[in-house]
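# Overview (structure and organization)
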Amino acid sequence: DIAMDRDLFYEAFPHINMMKKNGRAPSLYDEAMARLFLKTGWTTEARRHVAALKRSPFPSAGISLEAGICRSEGDPYHESLALGLLMELDRYDRDLMLSRAGALEKTGDLDSADLFLHQAAALFPNDTGIKLRLAAVIQNTRGSGPALPYLAAALKLGVEPAECAV
């Protein structure tokens, strides 16, 4: 992971192969290879390892990496589908919710993003980021008037006015 974070890809391959040779869990090897190939942009190879992960005892890792591949390929529709599968596994993950809302927005399905962000706001009533995102989506779909209560709620929670670029 250190080698991949520093963009030193050539150092990562021997370390990952050593994991495989030392008998580490095959799913660890597939996850490391998928992450490496995703980072290098070799999505076809990454998908091969993601498919193996999805068949392993850790399918959530494969689904998460699949969403990352879709994001890197500019495919928000399939990204939102993968994130939806992850949401079935952990529906209380705030970052996952915001990622899915972003993918839905990119597909142009603002009504679904609106509905989804309403559900997220109900789960996290004190989250200003979700309220601001919801206000922005509502402004884009229904205008400024209906977005004002959500913007006001975010301001009431302590958002600086400069952050409210709705």
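Look above for the structure.
Conventions used here
- Residues numbered from 1 in each chain as written.
- Predicted model: local features only at pLDDT ≥ 70, side-chain atom pairs only at ≥ 80, totals over all residues.
- Heavy atoms only, no water.
- Helix = DSSP H or I, 4+ residues; strand = E, 2+ residues; numbered from the N terminus.
- Buried < 20%, exposed > 50% of the residue type's maximum accessible area, 1.4 Å probe, protein only.
- Contact = heavy atoms within 4.5 Å.
- Areas by Shrake-Rupley, 256 points an atom, 1.4 Å probe, with all protein chains shown as cover.
- Core = buried A, V, L, I, M, F, W, Y, C linked by side-chain atoms within 4.5 Å.
- Expected span 1.5 Å × (residues − 1).
- Salt bridge = Lys/Arg side-chain N within 4 Å of Asp/Glu carboxyl O.
- Phe/Tyr/Trp six-rings, centres within 6.5 Å; stacked < 30°, edge-to-face > 60°.
- Lys NZ or Arg CZ within 6 Å of the ring centre and 35° of its normal.
- Polar contact = N/O pair within 3.5 Å; in protein donor to acceptor, adjacent residues only side chain to side chain.

## Concerning the overall build of the protein chain
Looking only at helices and strands, the protein chain features 10 helices and 0 strands. Along the protein chain, helices and strands appear, N-terminal first, in the series α-α-α-α-α-α-α-α-α-α. Taken over 166 residues, the protein chain has a buried fraction of 37%. Pairs at least 24 residues apart make up 41% of the contacts formed inside the protein chain by residues separated by at least 6 positions. Per element, the accessible surface of the protein chain, about 9600 Å² overall, is 54% carbon and sulfur.

## Let's talk about the nonpolar core
One finds L83, F116, L117 and I130 to be the most contacted residues of the largest nonpolar core, which totals 26 residues. Listing elements by their share of this core, those giving two or more residues are α5 (59-72), α6 (76-89), α7 (94-107), α8 (110-123), α9 (128-142) and α10 (144-156). Once you skip the residues sitting within four places of it in the chain, F116 turns out to touch M87, M97, R100, A101 and L104.

## Examining α5
Along its 14 residues, α5 runs 20 Å from first to last C-alpha, staying within 8% of the 20 Å computed at 1.5 Å per residue. All of the buried residues in α5 are A61, G62, I63, L65, E66, A67, G68, I69 and C70. Among the residues trailing α5, G74 stands out with phi positive, at a value near 75 degrees.

## Thoughts on the pattern of salt bridges
What the rule picks out here adds up to 9 salt bridges. Between R94 and D95 there is a salt bridge, and its shortest N-O distance comes to 3.2 Å. Residue D127 is joined to R94 by a salt bridge in which the shortest nitrogen-to-oxygen separation is 2.2 Å. With D127 in the loop between α8 and α9 and R94 in helix α7, this residue pair connects regions lying 33 residues apart in the sequence. Shared partners join several salt bridges into a network, and the residues in it are R94, D95 and D127.

## Regarding the packing of aromatic side chains
Each pair of aromatic rings is reported with the distance of its centres and the angle of its planes. The final tally for this structure, using the stated rule, is 1 aromatic pair. Each ring, one from F37 and one from W42, has its centre 5.5 Å from the other, and the planes form 35 degrees; the classification is tilted. For W42, a relative accessible area of 45% corresponds to the partly exposed category. One residue, R100, lies across the ring of F116, its end atom 5.2 Å from the ring centre.

## Some remarks on the side chain of S80
Mapped onto the fold, S80 is located in helix α6. If near-sequence neighbours (up to four positions away) are discounted, S80 is found in contact with R100, A103 and L104.

## Observations concerning the environment of D114
For D114, the position within the fold is in helix α8. Overall, D114 belongs to the buried group, its relative accessible area being 8%. Expressed as a C-alpha distance, the spacing of D114 and R133, which sit 19 residues apart in the sequence, is 9.1 Å. The contacts of D114, once residues within four sequence positions are left out, are L134, V137, I138, T141 and R142. Within polar-contact distance, the side chain of D114 engages the side chain of H118 at 2.6 Å.

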